[in-house]
Amino acid sequence: MTINDELRKYGVVPVVVLDDSKDALPLAKALVDGGLPCAEVTFRTSAAKEAIHLIVEEYPDMLVGAGTVLNIEQAKDAINVGAKFIVSPGFDDDLVRYCKENNIPVFPGVVTPTEVMKALKYDLKVLKFFPAENYGGLATIKALSAPFNNIQFMPTGGINSKNIKDYLTNNKIIACGGSWMVKKELINEGKFDVIESLVKEAVSIVKEIRG
Ligand code: 3PG
């Protein structure tokens with residue numbers, strides 16, 4: 001299975017911010033037990049690298065990527081500890097070129113036709129659409145899909161257990177990213193049981209919509 005196949009299968013990518021790497025394994029367990037062995041661990045905190053390392057060691061089959069990757073150094077750090085893909089909030093030529101040259105799956109953020117056209121130059125087929133709700137959500141993705149029929153989108157930003165249903169009905173959407181089931185406060189308070197039930201709810205929504 002390719003990473004893209006896995007993303008489509010899961011339908012949801014939990015976007016995680018870990019302040020402390022000690023929470024990495026309990027969080028990963030909640031995701032695995034909840035039926036969603038997948039995470040984008042954001043490089044917004046200094047714990048990200050160690051967190052990815054710990055998760056990959058303990059759960060080698062989990063689809064763990066690095067998010068909020070802003071430069072090549074962070075991408076190298078993430079890949080060195082086992083991240084399987086790179087996500088960036090916007091489009092950076094140097095970062096995308098580096099990932100393509102090194103066969104690293106990369107999902108840069110776009111919101112405009114111009115940015116999608118930049119991505120086409122690198123033969124990218126899957127793009128993050130961020131911040132999704134602020135930039136018109138599903139309506140904008142539908143409009144972009146008309147000229148860019150071969151692109152699949154991963155909308156992220158403002159997605160929750162309610163509005164995800166509409167996104168998932170559109171077949172140009174490979175998966176939705178979101179933090180609603182892995183909120184930072186829940187992680188910091190150690191509420192991994194709550195996280196697990198929110199993850200289960202997300203999994204059942206994907207099943208309901210996509211079968
Ligand atoms: C991201 O990094 O992709 C977003 O912060 C996730 O957005 P959300 O918190 O609105 O789900």
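Notes on the structure follow. What you are looking at is a predicted structure, and each value in this text was computed from that prediction instead of being measured.

**Notes on the site of the ligand**
In step 1: The local shell around the ligand consists of Val15, Arg44, Lys128, Phe130, Thr156, Gly157, Gly158, Gly178 and Ser179.
In step 2: Note that an oxygen atom of the ligand is positioned 2.7 Å from one of the backbone N or O atoms of Gly158.
In step 3: One nitrogen or oxygen atom from the side chain of Ser179 is found 2.6 Å from an oxygen atom belonging to the ligand.
In step 4: Look at the ligand: alone it shows 310 Å² of surface, and the protein chains cover 79% of it.
In step 5: Residues that form the shell around the ligand fall into these classes: two nonpolar, five polar and two charged.

**Some remarks on the side chain of Lys128**
In step 1: Along the chain, the position of Lys128 falls in strand S6 (residues 126-129).
In step 2: The class for Lys128 is buried, based on a relative accessible area of 5%.
In step 3: The contacts of Lys128, once residues within four sequence positions are left out, are Glu40, Val87, Ser88, Phe107, Pro108, Gly109, Val110, Met154 and Thr156.

Analysis parameters
Numbers given to residues run from 1 along each chain, matching the order in which its sequence is written. In view of the model being predicted, local features appear only for residues whose pLDDT reaches at least 70, and side-chain atom pairs are presented and counted only at 80 or more, with totals across whole chains, interfaces and linings using the full set of residues. The side-chain values count all of the structure's non-hydrogen atoms but skip hydrogen atoms and water molecules. Working definition: residue near molecule or strand if any one of its non-hydrogen atoms lies within 4 Å of it. Any pair of N or O atoms that falls within 3.5 Å is considered a polar contact. Within protein, one atom must be able to donate a hydrogen and the other to accept it, and sequence-neighbouring residues count only if both atoms are side-chain atoms. All accessibility values rest on the Shrake-Rupley procedure with a 1.4 Å probe; residue burial counts only the protein chains present in the view. Residue polarity follows a fixed list, in which Ala, Val, Leu, Ile, Met, Phe, Trp, Tyr, Cys and Pro are nonpolar, Asp, Glu, Lys and Arg are charged, and the others, Gly among them, are polar. The numbering of helices and of strands both runs from the N terminus, where a helix is a DSSP run of H or I of at least 4 residues and a strand a run of E of at least 2. A simple rule labels every residue: compare its accessible area, found with a 1.4 Å probe on the protein chains alone, to the largest value its type can have, and call it buried under 20%, exposed over 50%, or partly exposed in between. Here, residues are in contact when the closest pair of their heavy atoms is within 4.5 Å.

All quantities given are derived from atomic positions and should not be read as evidence of function.
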